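Take a look at the letters that make up each chain.
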Amino acid sequence: MRAIFPFNDSWLYAPQVLASDVADSAFEVVTLPHSNKRFPYHNFDDREYQFISTYRKRFVLPEARQGRRVFVDFDGVMLAATVSINGHAFPEHRGGFTPFSLDITDYLREGENLLSVSVDSRERADIPPFGHTVDYLVFGGIYRDVRLRYVDPVYIERAYATPLDVLSKSLRLRLTAHLVNTQAQEVTVSLAAMFDVDENNSVGDSVDVAIPAHGKAEVSIELDDLSDGGAHPQPALWTLDDPRLYTATFSLDWGDATDAYDRVQVRFGFRHAQFKDDGFYLNGQRLQLRGLNRHQTFPYIGAAAPARLQRRDADIVKYELGCNIVRTSHYPQSPHFLNRCDEIGLLVFEEIPGWQHIGDADWKALSLRDVRAMIERDYNHPAIIMWGVRINESWDDHDFYEQTNALARQLDPTRPTGGVRFFQGSEFLEDVYTLNDFSNDIQEPQVTPHLVTEFNGHMFPTKTWDNEERRVEHARRHARIQARAASSGGVSGAIGWCAFDYNTHEEFGAGDRICYHGVMDIWRLPKFAAFFYESQQDAAQRVVLRVASNWRLGDVSEGLIEPVYVFSNCEEVVAYVGGRKKGTFRPAHDLFPGLPHPPFRLHGLDALLAHPYGDLRVVGLIGGQEVAEQIISAPQPPKQLILRADDDALLADGADMTRVAFLVADAYGNPLPYAVKVVTLTLDGPQGAELIGDNPFPLVGGQAALYLRAGHTSGVAVVRAQADRLPPAEIRVRIG
Ligand code: GAL
């Protein structure tokens with residue numbers, strides 16, 4: 001019987017190479033996910049995380065092995081790991097973005113075992129994405145989850161659920177298991193596979209299969225007649241509004257012993273995704289893809305974000321940014337992030353690690369390994385609609401990309417390949433022509449199917465505290481290009497660069513080691529451009545009304561603040577200044593054709609520089625009803641310090657975290673981008689809980705955040721914030 005144990009707790013960590021005879025007292029106790037170093041949010045050097053560190057874990061097997069094999073499963077170690085168990089070293093695993101598993105059975109001892117991991121976080125030229133400059137940081141450490149897994153000597157290595165002919169009368173489900181026999185003799189096993197259509201109906205079948213000694217077998221069971229009219233209800237489709245997920249169960253029986261079996265469950269969805277020459281179709285309906293690129297890094301903690309923050313990012317992209325697709329630029333991302341994309345209905349374009357540079361034959365072999373590892377890990381996610389099998393923005397390499405494409409198609413014939421290029425005319429070996437288009441427009445597709453995978457980015461970096469005209473123009477560029485993509489025939493969609501500001505190398509960014517390319521800042525707090533994306537979602541999902549202005553006439557050229565842009569999915573908006581109605585406005589369909597919710601442009605507000613003017617109030621209407629409102633105060637000093645946690649409860653697992661954001665705001669809660677203040681946070685809380693981040697925080701831009709991390713002790717964490725001349729703020733988060 002299979003057993004899986006979380007293995008994130010009670011690791012020992014030392015930021016240097018330490019031999020096995022060095023006492024544990026030289027180490028610090030840590031919980032995974034772990035970053036080999038903490039950082040300020042900017043102005044640090046990547047060389048600070050580029051070193052070899054040592055992790056150790058002493059453990060007694062959590063339960064008797066009883067003939068089973070024992071594996072350690074690493075979800076991700078950055079960048080290379082040499083694992084040893086009781087002195088036996090495994091070959092180095094190279095590459096930080098895909099998982100690896102080691103069979104430690106033969107080296108286990110009665111009583112205490114010592115697992116140690118030497119983690120090489122130097123940016124080694126032999127490992128993708130490195131070898132040349134790279135516009136992102138990877139950070140270091142055992143930064144994803146680790147598990148201990150027991151399996152029987154005959155076990156299921158991987159299992160896949162493949163819905164087939166989803167939109168036709170012959171809807172089927174193929175359930176495939178990859179089986180392993182670790183024994184010295186051939187074995188015949190019975191594999192059963194089934195899934196629950198609903199509470200009362202299960203569909204399944206079983207087959208016998210012989211697995212050679214020390215060998216493997218792949219077996220598929222096809223469940224037919226799943227369409228309407230069969231013996232049970234038809235499974236529901238996975239859609240963006242109602243992303244229905246199903247669980248397939250694979251059970252393996254072998255030998256005579258009735259308790260000798262393996263059981264694996266996978267989650268999947270029934271959906272049909274297709275890129276055609278005239279665009280992308282989900283479940284047979286044309287869907288204009290509108291998305292943003294996401295890097296997996298966070299301020300202070302690098303890439304070592306726990307499940308909650310990973311899942312929250314998916315929620316942010318879907319609900320706060322109104323996107324229907326995200327690109328995991330430029331590598332496979334956390335399973336927690338992808339799981340959440342499945343659960344909420346957010347499409348994903350996932351790609352292999354890389355950035356412009358292709359290395360030697362050995363490097364390419366690792367890249368091919370990454371193609372395989374990515375697809376094997378993520379095959380069952382209905383959210384994923386395409387595999388990226390090129391190194392982002394590399395030059396053509398015919399033989400290499402023939403191979404990456406062939407491998408992806410062999411491993412997954414159900415999904416198209418893409419491969420992100422930065423010039424028209426690059427050789428088309430993939431199924432979808434995925435192009436980064438930095439023309440500040442949408443170039444006519446020369447090849448279809450066609451998807452724009454980046455635009456804007458370095459062409460117009462924008463900070464939260466830039467002047468208003470730049471912040472508005474940043475938003476307008478995103479709106480205009482999304483409108484162009486939506487109204488040019490043959491463009492499946494556009495994925496902008498990018499969702500969040502991110503830490504980067506010295507060759508890129510603003511010189512403080514941040515690329516300010518996000519529509520949100522590095523803490524995932526919005527710039528005006530975020531409001532554009534947020535407003536594109538259906539009002540049934542979330543009513544949005546955001547004014548892209550701070551309503552300070554003296555802050556714009558010549559005091560001419562109009563037009564004031566409002567991003568909203570309301571049908572019309574009404575503007576008031578100082579309590580007086582100034583006009584009713586409709587979305588600017590003429591200027592932004594093709595968008596579900598074009599921006600509103602407010603004119604005639606009668607506000608003049610050097611004359612007194614009142615608060616701006618904008619009201620949104622749907623069906624004649626007032627459904628949203630925003631008020632921005634006329635110029636006034638900051639009125640409040642707002643403190644906000646994303647969650648009111650955390651797990652006491654030593655790793656869980658929530659974002660604690662603080663804003664210096666006007667009387668109505670609008671952050672004031674030029675309020676420069678020192679904000680000090682204090683924590684009163686259960687043992688082990690801590691605030692992570694720069695503290696006191698020299699705030700610019702009116703908004704920033706720290707993270708509250710739980711320890712292993714339950715209780716209530718009280719976080720307080722204070723800043724000169726503002727009333728203090730306080731929030732509470734339960735840990736337990
Ligand atoms: C692209 C690249 C991205 C990012 C972006 C900045 O060329 O693919 O990773 O560097 O430029 O605009």
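Structure: see above.
Right, let's walk through the structure included here. In this text, all values refer to a predicted model and were calculated from it rather than measured experimentally. (Residues numbered from 1 in each chain as written. Predicted model: local features only at pLDDT ≥ 70, side-chain atom pairs only at ≥ 80, totals over all residues. Heavy atoms only, no water.)

**What about the sheet that holds strand β22 (residues 289–293)?**
Pairing is parallel across the open sheet formed by 8 strands, whose spatial order is β26-β25-β24-β23-β22-β29-β28-β27. Where the open sheet ends on each side, the last strands, each with one partner, are β26 (417–418) and β27 (433–436). With 3 bridges joining them, β22 and strand β23 (residues 325–328) adopt parallel strand pairing. Its bridge partner lying in β23, Leu292 is registered against Val326. The sheet strands contacting helix α3 (residues 361–378) are β24 (347–351) and β25 (384–388), and the helix crosses β25 at an angle near 170°. (Pairing = 2+ DSSP bridges. Helix = DSSP H or I, 4+ residues; strand = E, 2+ residues; numbered from the N terminus. Contact = heavy atoms within 4.5 Å. Axes fitted to C-alpha atoms, helices over the stretch in contact; angles between N-to-C directions.)

**Topic: the side chain of Arg415**
Looking at the secondary structure, you find Arg415 in the loop between α4 (398–411) and β26. Residue Arg415 is classed as buried on the basis of its relative accessible area, which comes to 7%. Only 2.7 Å separates the side chain of Arg415 from the backbone oxygen of His381, close enough to count as a polar contact. A polar side-chain atom of Arg415 sits 2.8 Å from a polar atom in the side chain of Asp412. Ignoring sequence-local partners within four residues, the contact set of Arg415 consists of Arg271, Asp378, Tyr379, His381, Ile384, Ile385, Met386, Trp387 and Asp431. (Buried < 20%, exposed > 50% of the residue type's maximum accessible area, 1.4 Å probe, protein only. Polar contact = N/O pair within 3.5 Å; in protein donor to acceptor, adjacent residues only side chain to side chain.)

**Comments concerning the site of the ligand**
In the vicinity of the ligand, 13 residues are found, and the nearest of them are Asp135, His330, Trp355, Glu393 and His458. Here Asp135 contributes a side-chain N or O atom positioned 2.5 Å from an oxygen atom of the ligand. In the environment of the ligand, an oxygen atom lies 2.5 Å from a nitrogen or oxygen atom belonging to the side chain of His458. Burial of the ligand by the protein chains amounts to 95% of its free accessible area of 310 Å². Of the residues in the shell around the ligand, the class split is 4 nonpolar, 6 polar and 3 charged. (Near = heavy atom within 4 Å. Areas by Shrake-Rupley, 256 points an atom, 1.4 Å probe, with all protein chains shown as cover. Nonpolar A, V, L, I, M, F, W, Y, C, P; charged D, E, K, R; others polar.)

**Focus: the pairing of strand β19 (residues 273–276)**
Along β19, the buried face is formed by Ala273 and Phe275; none of Gln274 and Lys276, which line the opposite face, is buried. Sheet analysis places β19 next to strand β20 (residues 279–282), joined by 4 bridges and oriented antiparallel. Across the sheet, residue Lys276 finds its bridge partner in β20, namely Gly279.

**Examining the packing of helix α1 (residues 307–320) against helix α2 (residues 335–344)**
In contact at an axis separation of 8 Å, α1 and α2 are set at 40° when each is read in the N-to-C sense. In terms of orientation, α1 lies oblique with respect to α2. Along this stretch, α1 crosses α2, giving a crossing that reads as right-handed. Packed against α1, whose contacting residues are Ala307, Gln310, Arg311, Asp313, Ala314, Asp315, Lys318 and Tyr319, the element α2 presents His336, Phe337, Arg340, Cys341, Glu343 and Ile344 at the interface. Tallied by class, residues from the contact of α1 with α2 come to 6 nonpolar, 2 polar and 6 charged. (Parallel < 35°, antiparallel > 145°, perpendicular 65-115°, else oblique. Left-handed = near helix turned anticlockwise from the far one by under 90°.)

**Quick word on the pattern of salt bridges**
In total, this model carries 63 salt bridges according to the counting rule given. Linking Arg617 and Glu629 is a salt bridge whose minimum nitrogen-to-oxygen distance equals 2.7 Å. Of the two residues, Arg617 is situated in strand β37 (residues 616–622) and Glu629 in strand β38 (residues 625–632); the sequence distance between them amounts to 12 residues. What makes Arg617 partly exposed here is its relative accessible area of 26%. On the accessibility criterion, Glu629 (45% relative accessible area) is partly exposed. The network of salt bridges with shared partners includes Glu92, Arg94, Asp120, Arg122, Arg124, Asp126 and Asp362. (Salt bridge = Lys/Arg side-chain N within 4 Å of Asp/Glu carboxyl O.)

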